[in-house]
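Descriptive structure summary
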Amino acid sequence: MTVALRANGVSLVLQDEPNQLPEIVHFGPDLGVEGVGGVEALMMASTPPVPRSAFDKPVALRLLPHEVDGWSGRPGLTAHRSGAAFSPSWSDVQVHQIDAQTASIEATDESFGLGLHTEVRLDDAGIVVIHHHITNLGDGVIDLAGLISIVPIPPTASEVLDLTGRWCGERRIQRSDLQMGGRIRESRRGRSGHDSAFVMVAGEPGFTERRGEVFAAHVAWSGDHLHMVDRLPEGAGRHAGALGGGELIRPGEVRLETDETYSAPPVLFAWSDRGLDGLTDRFHQHLRARTNHPQTLRPVTLNTWEAIYFDHDMERLGPIIDAAADIGVERIVLDDGWFTGRRDDTAGLGDWAVDAEVWPHGLAPYAERVRSHGMQVGLWVEPEMVNLDSDLAREHPDWVFAAPERTSTKEWRFQQVLDLSNPVAFEHVLSHLDTVLTDCAIDYLKWDHNRDLIEALDRDGIPAVRRQTLATYALMDELVARHPGLEIESCASGGGRVDLGILEHTVRVWASDSNDPLERQSIQRWTGLLLPPELVGTHVGPTSSHTSGRVTDLDFRCLTALWGHAGIEWDITKISVEERTRLAGWISLHKRLRPLLHTGRTVRGPEFDGAWLHGVVAQDLTHGVFSYVRLVSGAAAVPGLVRLHGLDPERMYAVRALDVTGREEVRIAGQAAATPPWTRHGVISSGDALMRRGLAMPVLDPMAGLLFEVSATDHEGC
Ligand code: DGJ
């Protein structure tokens, strides 16, 4: 049976042989291949010669590649049963093309006692999702060490881009030549991690935001995982190597009893011949098509963290809530510090009851004050964590991961991790959170996770990251089931848990604890490689950033925070009337633009001489908003013409500069030495000229930017 899935300019072609898993003949551009004849012709044209000193038949890169097929890269499935290692001997392989975009594969390995079920789906966005499940069909336990999903890459994909990062410096890109042997990025942090590879891209050398053929993989999982690209001197049959990933499984972590099934995390694959923006387009379209993607306007949020920290006091908080309502905020989130014993970060985690000393009347006064303004009520929690200085840890020390005699060496922000794979601990946390949510009719949870998991072993010494990850997902789902409409944000010391696994259970990620707009420029830009703006929290913080000490202009902070699910994190009762008016202007601009920002196509230009351009263009190309930002000073005195992207070349567009905080006279966000005339009077130009010739940009000092909007002249705009 041959399978040829086709959608949105992409195709995936599989060919099976008797008693073999299907070979992945092609992943990439839609070649129009259909039917047995088409696949056979494609195979014939791409069958390689056999080199000297090699297997007598070309390597076949199969859905789960293995040595027996001639593949000496990372195997698709690694397992043993009582010391006898898995080597495939598949029988009864059933390959079904269910529709133009879906296939399923069933196979049995009778000698090892294993069943495989794989779903391969190519969605309307052109994203391929591979999802493997294996079942132990034999007697005795199977120890699983790895189950990864891959797609082939061509020899031209010889440059890799993946991400790394740290607290307050998430999503930094790194590029490298893809050498023989490939590249592997592992995360052993029990959460995806500030330094997660995030998306692994292999592409033509020198690929940019707008140019070059690129292949990408993302593992939709919040626990330990790996992304990899393997390249071998002898190639992989028709291909040069494989790109993919899966869960990183610790020894003893997955032991399948008879009839038990392990489901690997889904792995997403994207292809584009339009550089990184082409990948982004597909990822964003894929995410927006999910049934659980947020459908309502993303409420402008005020989070109390950088406003009051642990100083919970209605006398102080009440006026902040009132002021927030006054300037157009729609949701308040009461951050860390509301529960028993939590006067600072050394104590209280785990005791999920309202602190009667700080909140003598419970959280009702807070919730009522917020609701009286018609705003939504949010609350911070960190359910997977525990301070040893808490009633919970004192009463149930055995619920804490790892042997008690070793815990002191592994504290992180004075906290340990609660073993939620223990059903009693799970139930305890669930019922306490449920009570708080019920008592105060909470609309929104900011769900934090402030440390890595180190040696996360359960009471029997068995690695438990996988079970912990699944328990966290289950806890979120159960709370949402009990409180329909509840929305959850994934925060982990900022952007330590940003992945498409957690986003199946949440509607927003906190991209970073840094609200410093200069740091945020690049954090948001690269988070946006995978995530559309409506899923990424972006806040205006105080003038002096508490994480970097950098002092920045309010307009530049507003310009940076405009581009996501926007909010404020600042004591707005302590700022001037003028600043508050400007914040109100910014909120009203964001509200006007958010239907576009949260549905349009993200476009980016490369960083050039210390500045970059990015924007969002409506799907029908009638309207777009762009920001040109100088990060550092450049070599050139004048930036020259900067090309826009994503417009309709045939249309005429009216271009006008916008004031980011709503003043009548448009000002640059930050300092500008000189501005071109069109920023004062506007200009009308064709999409073709704007994209192929460009638009004059102001001479900006670092940390300054220009916001502007383009509207097709035959359209009313928004
Ligand atoms: C880390 C988060 O990322 C911050 O935004 C804040 O919620 C603190 N934790 C609270 O402890």
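Everything that follows concerns the structure shown earlier in this document.
Quick caveat, the model's predicted, so the values are computed rather than measured.

What follows deals with the overall build of the protein. Within the protein one finds 14 helices and 40 strands. Taking 718 residues into account, the globule formula puts the C-alpha radius of gyration at 27 Å, and the protein, at 27 Å, falls close to it. Overall size of the protein, expressed as C-alpha extent along the three principal axes, is 80 × 70 × 40 Å. Sorting the 718 residues of the protein into buried and exposed places 62% on the buried side. Of the roughly 26,100 Å² that the protein leaves accessible, carbon and sulfur atoms contribute 52%. Separation between the mean location of the 66 positive side-chain charges and that of the 101 negative ones in the protein comes to 6 Å.

Core analysis: the biggest nonpolar cluster contains 185 residues, and Ile-572, Leu-583 and Trp-586 have the highest contact counts within it. In this structure, Ile-572 is in contact with Leu-302, Ile-320, Ala-323, Ala-324, Ile-327, Arg-580 and Leu-583, ignoring residues within four places of it in sequence. Of all hydrophobic cores here, the second largest spans 25 residues; its members include Phe-626, Tyr-653, Trp-678 and Leu-695.

Taken together, 13 residues lie near the ligand, and Asp-335, Asp-336, Lys-446, Asp-448 and Asp-513 sit nearest. One nitrogen or oxygen atom from the side chain of Arg-413 is found 2.9 Å from an oxygen atom belonging to the ligand. Between the ligand and Asp-513 there is a distance of 2.3 Å, counted from an oxygen atom to a side-chain nitrogen or oxygen. Among the residues forming the shell around the ligand, the class breakdown is 4 nonpolar, 3 polar and 6 charged.

Side chains that carry opposite charge are capable of pairing whenever their charged atoms lie near each other. Using the criterion set out here, one finds 56 salt bridges in the structure. Notably, a salt bridge pairs Arg-342 with Asp-336, separated by 2.8 Å at the nearest N-O pair. As far as burial versus exposure is concerned, Arg-342 and Asp-336 are alike and both buried.

Moving on, we get to the side chain of Arg-191. Along the chain, Arg-191 falls in the loop between strand S13 (183-187) and strand S14 (200-203). Residue Arg-191 is classed as buried on the basis of its relative accessible area, which comes to 1%. Those residues within four positions of Arg-191 in sequence are excluded, and the remaining contacts are Ser-222, Gly-223, Trp-412, His-449, Asn-450, Arg-451, Asp-452, Ala-492, Ser-493, Gly-496 and Arg-497.

Our focus in this paragraph is the sheet that holds strand S2 (residues 10-15). Strand order in the open sheet formed by 3 strands is S1-S2-S3, and the pairing between neighbours is antiparallel. Each edge of the open sheet is held by one strand with a lone partner, namely strand S1 (2-7) and strand S3 (23-29). The mean angle between the axes of side-by-side strands here comes to 10°, regardless of whether they run parallel or antiparallel. Sheet topology places S1 next to S2; 6 bridges connect them, and they run antiparallel. By the bridge assignment, Ala-4 is partnered in S2 with Val-13.

About the cut-offs
All residue numbers refer to positions counted from 1 along the written sequence of the respective chain. With the structure being a predicted model, the display of local features is reserved for residues of pLDDT at least 70 and the display and counting of side-chain atom pairs for 80 or more, all residues being used for whole-chain, interface and lining totals. For the side-chain quantities, the full set of heavy atoms in the structure was used; hydrogens and water were omitted. Secondary structure elements follow DSSP: runs of H or I no shorter than four residues count as helices, runs of E no shorter than two count as strands, and numbering proceeds from the N terminus. C-alpha atoms define the radius of gyration in this analysis, and the globule rule sets the expected value at 2.2 Å times the number of residues to the power 0.38. Accessible area is worked out with a 1.4 Å probe on protein chains only. A residue is then buried under 20% of its type maximum, exposed over 50%, and partly exposed in between. Here the Shrake-Rupley method, with its probe set to 1.4 Å, supplies the accessible areas, and only the displayed protein chains count as covering residues. Under the convention used here, Asp and Glu are negative, Lys and Arg are positive, and both His and the chain ends fall outside the count. The location of each charge is read from NZ of Lys, CZ of Arg, CG of Asp or CD of Glu. We call a set of buried residues a nonpolar core when its members are Ala, Val, Leu, Ile, Met, Phe, Trp, Tyr or Cys and they connect through side-chain atoms within 4.5 Å of each other. Any two residues whose heavy atoms approach within 4.5 Å at even a single point are treated as in contact. Residues are classed as near a molecule or strand on a simple rule: at least one heavy atom within 4 Å of it. Whenever two N or O atoms come within 3.5 Å, that pair is a polar contact, provided that in protein one can donate a hydrogen and the other can accept it, and provided that, for residues adjacent in sequence, both atoms are side-chain atoms. Under this grouping Gly is polar, as are all residues other than the nonpolar Ala, Val, Leu, Ile, Met, Phe, Trp, Tyr, Cys and Pro and the charged Asp, Glu, Lys and Arg. Think of a salt bridge as a Lys or Arg side-chain nitrogen and an Asp or Glu carboxyl oxygen that are within 4 Å of each other. When DSSP locates at least two bridges between a pair of strands, those strands are taken to pair. An axis is simply a line fitted to the C-alpha atoms; with a helix, the fit covers only the stretch in contact. Between two such axes, the angle follows the N-to-C directions and lies from 0 to 180 degrees.

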